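Structural features, examined
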Amino acid sequence: MKRRLLAVPLVLAAVLLVGPAVPSAGGVRVMPLGDSITYGNSVTGVSYRTSLWQHYQDHGPRVDFVGSVHWGNLPDRDSEGHPGMRIDELRSWIDYWLLLNRPRYVLLHIGTNDVVQATDLPNAPARLQDLVERITQRVPGVTVLVASIVPSPDAGLNERIDAYNAAIPGVVAAVRATGADVRFVDLNARMSLSDISSDKLHPTDAGFLKMGDIWYDALPLAP
């Protein structure tokens, strides 16, 4: 997965809480957070946000996707989907993004690049837990949905994906034990290999739309 090299903003040095999640005149503030699988197809613009946004247009409530990245084939193009990023790289930016976005809900799908790059995989769940804890500490009242990552038809890669995914429910349980509203979404269990493109990493456009359906089923929106 191609990586973007970004400078870490000075605002990350701040130690104050971002503050509680806030309502928005544009709707419930939802921050899609992750790598290129959150960003979507860089050619067609299709992402899981495409179908997720449409679900809420059809059935409500009104949703406002928030983020510093603007891309996609839908009217609300905002997200924090950053192609190529690993867990630690999201963590280095998370304070800034939370200050910018003040989300009520965070949809987190991250870890694919850690697995692909085989970056200290035994400690990947600990990095994920640190990221999720930071989100809940910085934005009191936020709800974080943590997804298992999508499968791969590459057998060796998929073994590493399965090992990483197996640890995610424990990460969610550990953060929930602090009183935070964190929920596990077993997205991987509902995706099939036919939903993955020929690059063996990213969903097809139909797979992205299916991801949006899964998020919609899991996202218990409230103001």
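Up top is the structure these notes are about.
Just so you know, these numbers come straight off a predicted model, no measurement behind them.

Attention shifts here to the overall build of the chain. When you go through the chain residue by residue, the secondary structure sums to 8 helices and 7 strands. Here the chain, with 223 residues, has 54% of them falling under the buried criterion. Here the chain displays about 9300 Å² of accessible surface, and carbon together with sulfur accounts for 56% of that area.

This paragraph deals with the environment of Glu-89. Relative to the helices and strands, Glu-89 resides in helix H3 (residues 87-101). Taking the C-alpha atoms as reference points, Glu-89 and Leu-131, 42 residues apart in sequence, are found 9.9 Å from one another.

Another aspect to go through is the pattern of salt bridges. Inspection of the entire model under this criterion finds 11 salt bridges. Because the salt bridges share partners, they merge into one network encompassing Arg-86, Asp-88 and Glu-89.

It is worth spelling out H3 at this point. At Trp-93, H3 shows its maximal kink, close to 50 degrees. Those residues of H3 that sit buried are Ile-87, Glu-89, Leu-90, Trp-93, Ile-94, Asp-95, Trp-97, Leu-98 and Asn-101. Here the buried face of H3 lies against strand E1 (28-34), strand E4 (78-81), strand E5 (105-109), helix H4 (112-116), helix H5 (124-138) and helix H6 (155-176).

Once that is clear, we can look at the pairing of E4. With 2 bridges joining them, E1 and E4 adopt parallel strand pairing. What sits directly across from Gly-34, in E4, is Gly-81. The sheet contact formed by strand E3 (residues 69-70) and E4 spans 2 bridges and is antiparallel. Its bridge partner being in E4, Val-69 is matched across the sheet by Ser-79.

So, about the pairing of strand E6 (residues 143-147). Of all 5 residues making up E6, 5 are buried, and the element is well covered by its neighbours. Neither face of E6 is left uncovered, since the one carrying Thr-143, Leu-145 and Ala-147 and the one carrying Val-144 and Val-146 both have all their residues buried. Sheet topology places E5 next to E6; 4 bridges connect them, and they run parallel. Within E6, the residue paired with Leu-107 across the bridge is Leu-145. Bridging between E6 and strand E7 (residues 181-185) involves 5 bridges; their strand directions are parallel. Within the sheet, the bridge partner assigned to Val-144 lies in E7 and is Val-182. Of the crossover connections in this fold, the one passing from E6 over H6 to the parallel E7 is right-handed.

The subject of this paragraph is the side chain of Asp-95. Counting through the fold element by element, Asp-95 comes out in helix H3. A polar side-chain atom of Asp-95 sits 2.6 Å from a polar atom in the side chain of Arg-134.

Inspection of the entire model under this criterion finds 5 aromatic pairs. On the numbers, 5.7 Å between centres and 45 degrees between planes, the contact of Tyr-48 with Trp-215 is tilted. Placement of the pair is Tyr-48 in helix H2 (residues 48-59) and Trp-215 in helix H8 (residues 205-218), with a sequence separation of 167 residues. Classification of Tyr-48 as buried rests on a relative accessible area of 0%. Their ring planes at 65 degrees and their centres at 4.9 Å tell us that Tyr-56 and Tyr-216 sit as a pair that is edge-to-face.

With that settled, the discussion passes to the nonpolar core. One finds Leu-33, Leu-108, Leu-128, Ile-135, Val-146 and Tyr-164 to be the most contacted residues of the largest nonpolar core, which totals 34 residues. With 7 residues, the top contributor of residues to this core is H6. In contact with Leu-108, other than residues within four places in its own chain, are Leu-33, Leu-90, Leu-128, Leu-131, Val-132, Leu-145, Val-146, Ala-147 and Trp-215. Counting residues in each nonpolar core, the second largest holds 26 residues, with Val-30, Ile-37, Leu-107 and Leu-219 among its members.

Thresholds applied
- Residues numbered from 1 in each chain as written.
- Predicted model: local features only at pLDDT ≥ 70, side-chain atom pairs only at ≥ 80, totals over all residues.
- Heavy atoms only, no water.
- Helix = DSSP H or I, 4+ residues; strand = E, 2+ residues; numbered from the N terminus.
- Buried < 20%, exposed > 50% of the residue type's maximum accessible area, 1.4 Å probe, protein only.
- Areas by Shrake-Rupley, 256 points an atom, 1.4 Å probe, with all protein chains shown as cover.
- Salt bridge = Lys/Arg side-chain N within 4 Å of Asp/Glu carboxyl O.
- Bend = angle between axes of the 7 residues up to and from the residue.
- Contact = heavy atoms within 4.5 Å.
- Pairing = 2+ DSSP bridges.
- Right-handed = clockwise from strand over helix to strand, strands pointing away.
- Polar contact = N/O pair within 3.5 Å; in protein donor to acceptor, adjacent residues only side chain to side chain.
- Phe/Tyr/Trp six-rings, centres within 6.5 Å; stacked < 30°, edge-to-face > 60°.
- Core = buried A, V, L, I, M, F, W, Y, C linked by side-chain atoms within 4.5 Å.

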